[in-house]
2 protein chains.
Amino acid sequence: MDKKRLSHHISRQFNVELEDLRTKVLAMGGFVEQQIENAIKALAENDIEIAENVITQDYQVNALEVAIDEECLQVLARRQPAASDLRLVVAVIKTITDLERIGDQAERVGRMAIHLSEVERPKSQYSELKHLGDQVREMLRGALDAFARMDAEAALDVARQDLTVDREYEGIMRQMITHMMEDPRNVKRTLDVMWSARALERIGDHARNICEYVIYFVKGKDVRHTSLEQMEDEIRK
Amino acid sequence: MDKKRLSHHISRQFNVELEDLRTKVLAMGGFVEQQIENAIKALAENDIEIAENVITQDYQVNALEVAIDEECLQVLARRQPAASDLRLVVAVIKTITDLERIGDQAERVGRMAIHLSEVERPKSQYSELKHLGDQVREMLRGALDAFARMDAEAALDVARQDLTVDREYEGIMRQMITHMMEDPRNVKRTLDVMWSARALERIGDHARNICEYVIYFVKGKDVRHTSLEQMEDEIRK
């Protein structure tokens, strides 16, 4: 958050607390991003050890969510923030819920990587999943950058990328359905690819949610459940 | 919420506001429950009109989420609640996020009902989905009852049901995989059944989340990401 925004606080300690919350969200986001990166690596490089690490480390994401949530509650109770400070705390509470669910999806991809390590690998080496995974990781990074700078324009740009992710996801799904119909022996492997694609696509949705909280913080306007055009109008106002 | 709990408020108006929040959450929950019921009905009875209604009405669920969220913010800003009042408001903020996502899953089931209306129906008339759907609707109703009475024991009972739902979901998935392998012409229809089952299973997870917020409100203890045994220990303490 902009230092100037913070400077109006009479209590220096309150500034420190808000800044601390922000830092912790970004640290949690960085950890989750790493989890996605590792899950995709496990899938693309057939590395079971990395996959297992992703799975066992998910509890850390959960612990971060609980700890930050608790800190938000304490700030609310002790500081009784108003206006943009209150919006910041609420945006944090919502953002960490999405980060935690992104963590769950990364864990799911890790599990699929283990399933897929047990069957023959296709020539593609799951490059389509790697590509989709890289895209949603990029989205999450963009969402966290927008959060770090509380930049509504940047948030809108990231939210727009979700359309590309959705299109790519639909393409993978169509391709997988064809695979299955061609050869029923492919069914189990193909379903695992589909579940992975679905998990990655969900990560894109959660990243978009985070962008919406950024816009909500900056503009004081709830843009969830609106179209990209409506979001754009809100920001340009 | 227990009337006695509320009675400590000096401001009668504050009581009215908290009571109003609670009522609105229950109304939103009731609407979402109806959406699930209709989505399952559309699927089981091959009724496209009902399915379309579920889809077009989802915007109402979204609107309720945004409105209640806004009201929570106003209560936080104006009343600066502490202790159990603060926990109530935070529990409301979290509960409506899950209710909104349950609404999305009901919409998804509605879409699948439309897809499935275009292909031949199996003898079962999708009774396995109807059964799973009835179970998760029961879970949601139980979670809302526990929320209405802020009853941690009842919440724990409902959270326990998620195990049965998960087992039933796994059973459907295994059965569908067998179907697909037996006859590749079944692939598309079977995938739609799988997506529906998945959506219903997710509803169970969201209902369990709501139970966790109830326990959090009553016990002041965050029981997310803990086992049922740990939840039980917390409640019995």
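Check the entry above for the structure.
Model, not experiment: these values are computed from the prediction.

Rules of the game
- Along each chain, the written sequence defines residue order, and numbers are assigned to residues from 1.
- Here chains are named by letter from A upward and ligands by number from 1 upward, in the order in which they appear as written.
- Only residues with pLDDT of at least 70 are given local features in this predicted model, and only at 80 or more are side-chain atom pairs given and counted; all residues enter the totals for whole chains, interfaces and linings.
- Runs of H or I in DSSP of at least four residues are treated as helices and runs of E of at least two as strands, each being numbered from the N terminus.
- Exposure criterion: with C-beta atoms placed from backbone coordinates, a residue whose C-beta has 20 or more other C-beta atoms within 10 Å is buried, one with 12 or fewer is exposed, and one in between is partly exposed.
- Residues are scored as being in contact if the C-beta atoms we place from backbone atoms lie within 7 Å.
- Residues are sorted three ways: Asp, Glu, Lys and Arg are charged, Ala, Val, Leu, Ile, Met, Phe, Trp, Tyr, Cys and Pro are nonpolar, and all the rest, Gly among them, are polar.
- Residues reaching a pLDDT of at least 70 in both copies supply the C-alpha atoms on which the copies are superposed by least squares.
- Nonpolar cores are built from buried Ala, Val, Leu, Ile, Met, Phe, Trp, Tyr and Cys residues. These are joined into a set through C-beta atoms within 7 Å.
- Take the number of residues in a helix, subtract one, and multiply by 1.5 Å to get its expected span.
- The angle between axes fitted to the seven residues ending at a residue and the seven residues starting there is what we call the bend at that residue.
- Working convention: axes come from line fits to C-alpha atoms, limited for helices to the stretch in contact. Angles between N-to-C directions cover 0 to 180 degrees.
- Angles below 35 degrees are treated as roughly parallel, those above 145 as roughly antiparallel, those between 65 and 115 as roughly perpendicular, and all remaining angles as oblique.
- In this scheme the handedness of a crossing depends on how the near helix is turned from the far one: anticlockwise by less than a right angle means left-handed, clockwise means right-handed.

Some points on the overall build of chain A
Within chain A, the secondary structure is distributed over 8 helices and 0 strands. Seen in sequence order, chain A has helices and strands lined up from the N terminus as α-α-α-α-α-α-α-α. Principal-axis analysis of the C-alpha atoms gives chain A an extent of 65 × 40 × 20 Å. Burial statistics for chain A: of 237 residues in total, 45% are counted as buried. Relative to all contacts within chain A whose residues are 6 or more apart in sequence, the contacts with residues 24 or more apart total 77%.

Thoughts on the interface of chain A and chain B
Many authors give the size of an interface as the accessible area that is lost as the parts come together. Facing 23 residues of chain A, the contacting portion of chain B comprises 23 residues. Broken down by element, the residue count for the side of chain A that touches chain B peaks at 7 residues, all from helix H3 (residues 48–79) of chain A. Of the residues belonging to the side of chain A that touches chain B, the class tally is 14 nonpolar, 4 polar and 5 charged.

Focus: the relation of the copies chain A and chain B
Here chain A sits on chain B after a turn of 180 degrees about the axis and a move of 0.0 Å along it, with an RMSD of 0.0 Å. In symmetry terms, the pair is related by a two-fold rotation axis. Both copies contact each other with a shared surface, as 100% of the interface residues of chain A are interface residues in chain B too.

Quick word on the environment of A:Leu18
With respect to the element layout, A:Leu18 can be found in helix H2 (residues 12–45). A residue is classified by how many C-beta atoms lie within 10 Å of it, and A:Leu18, with 21 of them, is buried.

So, the nonpolar core
Grouped burial of nonpolar side chains is what soluble globular proteins tend to show. Counting 144 residues, the largest nonpolar core has A:Ala143, A:Cys211, A:Val214, B:Ala143 and B:Val214 as its most contacted members. Contacts of A:Ala143, omitting those with residues within four sequence positions, involve A:Ala155, A:Val158, A:Ala207, A:Ile210 and A:Cys211.

Digging into H3(A)
For H3(A), built from 32 residues, the straight-helix expectation of 46 Å at 1.5 Å per residue is met to within 8% by its first-to-last C-alpha distance of 47 Å. When the local axis directions of H3(A) are compared, the greatest deviation, roughly 30 degrees, occurs at A:Gln57. Residues A:Ala51, A:Val54, A:Ile55, A:Asp58, A:Val61, A:Leu64, A:Glu65, A:Ile68, A:Asp69, A:Cys72, A:Val75 and A:Leu76 constitute the buried set of H3(A). The inward-facing, buried residues of H3(A) contact H2 and helix H4 (83–117) of chain A together with helix H3 (48–79) and helix H4 (83–117) of chain B. Just downstream of H3(A), A:Gln80 is the residue with a positive phi angle, here 45 degrees.

Quick word on H2(A)
Taking 1.5 Å per residue, 34 residues should reach 50 Å; H2(A) reaches 49 Å between its end C-alpha atoms and fits that length. One or two steps after H2(A), the chain reaches A:Asn46, where phi turns positive at roughly 55 degrees.

With respect to unusual backbone geometry
Not every positive phi belongs to a glycine, and A:His225 is a case in point at roughly 60 degrees. On the secondary structure map, A:His225 appears in the loop between helix H7 (187–219) and helix H8 (228–236). If you check the backbone angles, B:Gln80 has positive phi at about 45 degrees while not being a glycine. Within the element layout of this structure, B:Gln80 appears in the loop between H3 and H4.

Examining the packing of helix H6 (residues 152–182) of chain A against helix H7 (residues 187–219) of chain B
Two elements in contact, H6(A) and H7(B), have axes separated by 10 Å at closest approach and are oriented at 125 degrees. Taken as axis vectors, H6(A) and H7(B) run oblique relative to one another. The element H6(A) and its partner H7(B) pack so that their crossing is right-handed. Listed contacts from H7(B) to A:Ile177, A:Met180 and A:Met181 of H6(A) are B:Val187, B:Lys188 and B:Leu191.

Notes on the environment of A:Glu33
Residue and element names in this part refer to chain A. With respect to the element layout, Glu33 can be found in helix H2. The spatial distance from the C-alpha of Glu33 to the C-alpha of Arg137 is 6.4 Å, given a sequence separation of 104 residues. If near-sequence neighbours (up to four positions away) are discounted, Glu33 is found in contact with Arg137, Leu140 and Arg141.

Thoughts on the packing of H2(A) against H4(A)
All names here are of chain A. Contact geometry of H2 with H4 gives a least axis separation of 9 Å together with a crossing angle of 15 degrees. Accordingly, the angle class assigned to the pair H2 and H4 is roughly parallel. Along this stretch, H2 crosses H4, giving a crossing that reads as left-handed. When grouped by side-chain class, the residues that make up the contact of H2 with H4 number 20 nonpolar, 5 polar and 1 charged.

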